[in-house]
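# What the coordinates show
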Number of protein chains: 2
Amino acid sequence: MAKQISELKLGILGGGQLGRMLIQQAINYNVTSLVLDPDPDAPCKHICNYFENGSITDFDTVYNFGKKADIITIEIEKVNIEALEQLEKEGKQVFPQSRVIRLIQDKGIQKQFFKENDIPTSPFQLANTKDDMLNSNFDFPYILKLRKDGYDGKGVMRMNSIEDIDNAFDAPCIIEKLVDFEKEIAVIVARNSKGDMKTFPVVEMEFNPEANLVEFLISPSTYAESLQQKAENIAKNIASSMNITGILAVEMFVTKEGEILVNEVAPRPHNSGHQTIEGNYVSQFEQHIRSIYNLPLGDTSSITNAVMINLLGEKGYEGIAKYENLEKILSIDGVFVHLYGKKYTKPFRKMGHITIVDIDREKAIEKARYVQKTLRVIA
Amino acid sequence: MAKQISELKLGILGGGQLGRMLIQQAINYNVTSLVLDPDPDAPCKHICNYFENGSITDFDTVYNFGKKADIITIEIEKVNIEALEQLEKEGKQVFPQSRVIRLIQDKGIQKQFFKENDIPTSPFQLANTKDDMLNSNFDFPYILKLRKDGYDGKGVMRMNSIEDIDNAFDAPCIIEKLVDFEKEIAVIVARNSKGDMKTFPVVEMEFNPEANLVEFLISPSTYAESLQQKAENIAKNIASSMNITGILAVEMFVTKEGEILVNEVAPRPHNSGHQTIEGNYVSQFEQHIRSIYNLPLGDTSSITNAVMINLLGEKGYEGIAKYENLEKILSIDGVFVHLYGKKYTKPFRKMGHITIVDIDREKAIEKARYVQKTLRVIA
């Protein structure tokens, strides 16, 4: 008989909400979970078998932590790759592979990979210095992105004219054509070591035009079947070109002309898949476990319409988190709360998410709007 | 603002699979969980905030443990009631209340309670000694049940004739009329401190006529709406007569004449509600959390057909558990595995459960039969 799941300890780099939701599912498979996180009170701390407080970017810390596990995964890309490479050399299973994390960590290399593999993406240029920007013949306005360590909207700016270069990032960047998109969509694809692949149905991001922010995530999409099929195929192409083991979230733009362009990818559970916990037969977290343990992939079909909203720390509040009006929103059918176990709130910190399911799509959106204006994280 | 959930620590007496699945859900609400269990390797050990290895039937141990929590609940009825009474006196919230656990712990008192509250149940007599049995004028065959500490079919015997009294339990028992039932059904009802109540849809137990054992649990029932309504009302009547806070599982017989008789009740998450995790919008575990934290109760509707089977340790194997053919069953859509984190298997030990969901009821049953004969826990 092959090795039992319980004999293959899972090491997770990062102990935030993604690790937390991953462990909640991994419990069903008797997975022994080890977590490394620089925050001594990380969300995973009390729900894993072994918690280590330490840096995920330090070679020795990651290497020594990884030695304790059999399979190593990540919940954030910013980890020490060299340690993962060394662990792979010594026979540990690292999923996603260090090679894939290295490729994705750098948005410049990521973009080049898309180009080399005929993955549709917006035109771009690399710019190592401000001089490169000044010498670029890219039309304004364009998007400037830090090649490394951008996160949750940080590390991205819109450049309207040559004057903006004064205040631009002073680090290796990519210059990207500004895409006049109709919607952002995302597809999560899973791939196990046997090469089996499955995609989750396309989800749509609903923008708040006033705040210019993603407000909701709606699953499944109502785009034409042919466009959805195309998006799913693009996600599969990326996963198989990368030869990834694990799940990969693929964020895409749909242009006003109906063209699909890949924006960026993340080789791990992703905010655009949180609604799968209630909205789909198998969740992205269970699917990631199935992928990295080389098990058959689960049924990704949508059960019903699901709208996901992030629960962010309210502006103007910093301190021990309090959840205002939680009771009110729980009195609505189909509202599911996921709090991330973070003791302290601060403005815009991701404190949890809420998924609203309803067989009526418009009703789900309506309930989500109500939840969004009602539930507040204050201090 | 009312107290935050995270400010009210949850103490759980018992750290087995029921506690484990309860904590998996409680994580979503930032519940701080403390667990007391006599097994140093109990299934909850690594997923709670604080684990204490100790007796749940010893006054001092339960009392001192309870002092550390704000809300105390149980995952098994056999706990020290006096300690819970003392904790209640000192202002701790004990849900279900010690009074309710005391009533249910003793099947004699439980039966008398049904009688006093006009809850339909089979005729019975108390029998404190074998002499009482000899002097009883109850017709054979009848069912003899230990008043206390019966569990998973233990503490129940069928008495065919007066000769069987020689081998009967030598402890306080109840004599029950043997019910010639068509099916066993169950309803789980939840009640919070405000008095809000909600029932889960009726589920049916499918018997294996050969082994005379419950083989599957099927949700929802296909009995006529009127019968189901009656069963749900009975469950609600019991919960409100008991004034319980928490969830209550009500097991009932449907006789061949279509009459409903209550068999017994359990004031906690129950094996007859495991399929709610995937099969219903809210699970019994989340509903129990909502009840004891006095939150609005969730939507109990069925999402689709769900069949649940218990995964028992295979006869003839004892030792470190191995799950044979896990991959095979995971390749079937709609199959969800819940392993309980028990290192050692022995014959008939509950090692996990599997839920199979399918929009086609017969297909769900067919898949369940396949899973049942394929997945084996050996050593």
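Residues numbered from 1 in each chain as written. Chains lettered and ligands numbered in written order. Predicted model: local features only at pLDDT ≥ 70, side-chain atom pairs only at ≥ 80, totals over all residues. Heavy atoms only, no water.

Chain A has the name N5-carboxyaminoimidazole ribonucleotide synthase in an unreviewed UniProt entry, where Pedobacter punctiformis is given as its organism. According to the UniProt record, the Pathway (unreviewed entry) comment for chain A reads "Purine metabolism; IMP biosynthesis via de novo pathway; 5-amino-1-(5-phospho-D-ribosyl)imidazole-4-carboxylate from 5-amino-1-(5-phospho-D-ribosyl)imidazole (N5-CAIR route): step 1/2." (UniProt positions renumbered as here; feature names shortened; annotations may be inferred.)

All right, on to the pattern of salt bridges then. Once their charged atoms are close, side chains differing in charge can pair, the charge on each being opposite to the other. Residue and element names in this part refer to chain A. Applying the stated criterion across every chain yields a total of 40 salt bridges over all chains. Between Glu-204 and Lys-183 there is a salt bridge, with its nearest N and O atoms 3.0 Å apart. Here Glu-204 is found in strand S12 (residues 203-208), whereas its partner Lys-183 is found in strand S10 (residues 181-191), with 21 residues between them in sequence. Here Lys-183 falls in the partly exposed class, since its relative accessible area comes to 24%. Because the salt bridges share partners, they merge into one network encompassing Lys-107, Lys-111, Lys-145, Glu-176 and Glu-264. (Salt bridge = Lys/Arg side-chain N within 4 Å of Asp/Glu carboxyl O. Helix = DSSP H or I, 4+ residues; strand = E, 2+ residues; numbered from the N terminus. Buried < 20%, exposed > 50% of the residue type's maximum accessible area, 1.4 Å probe, protein only.)

In screw terms, the move from chain B to chain A is a rotation of 180° and a rise of 0.0 Å along the axis, fitting with an RMSD of 0.0 Å. Such a combination of turn and shift is consistent with a two-fold rotation axis. When C-alpha positions in chain B are compared against the rotation axis, the closest is assigned to Ile47(B), at 2.0 Å. A share of 100% of interface residues in chain B that are also interface residues in chain A marks the association as one of identical surfaces. (Least-squares fit on C-alpha atoms with pLDDT ≥ 70 in both. Contact = heavy atoms within 4.5 Å.)

All names here are of chain B. Looking at the element boundaries, Glu-318 is found in the loop between strand S16 (305-312) and strand S17 (319-320). When the C-alpha atoms of Glu-318 and Thr-345 are compared, they prove to be 5.4 Å apart, with 27 residues separating the residues in sequence. Ignoring sequence-local partners within four residues, the contact set of Glu-318 consists of Thr-345, Lys-346, Pro-347 and Ala-379.

Moving on: the packing of helix H2 (residues 59-67) of chain B against helix H3 (residues 81-89) of chain B. Helices that pack against each other are described as a pair by the angle of their axes relative to one another and the distance between those axes. Residue and element names in this part refer to chain B. Interaxial distance between H2 and H3 falls to 8 Å at its minimum, and their mutual angle equals 35°. Considering how the two elements wind past one another, H2 and H3 form a crossing that is right-handed. Seen from H2, the contacting residues are Phe-59, Val-62, Tyr-63, Gly-66 and Lys-67; seen from H3, they are Glu-82, Ala-83, Leu-84, Gln-86 and Leu-87. Along the lines of polarity and charge, the residues of the contact of H2 with H3 split into 6 nonpolar, 2 polar and 2 charged. (Axes fitted to C-alpha atoms, helices over the stretch in contact; angles between N-to-C directions. Left-handed = near helix turned anticlockwise from the far one by under 90°. Nonpolar A, V, L, I, M, F, W, Y, C, P; charged D, E, K, R; others polar.)

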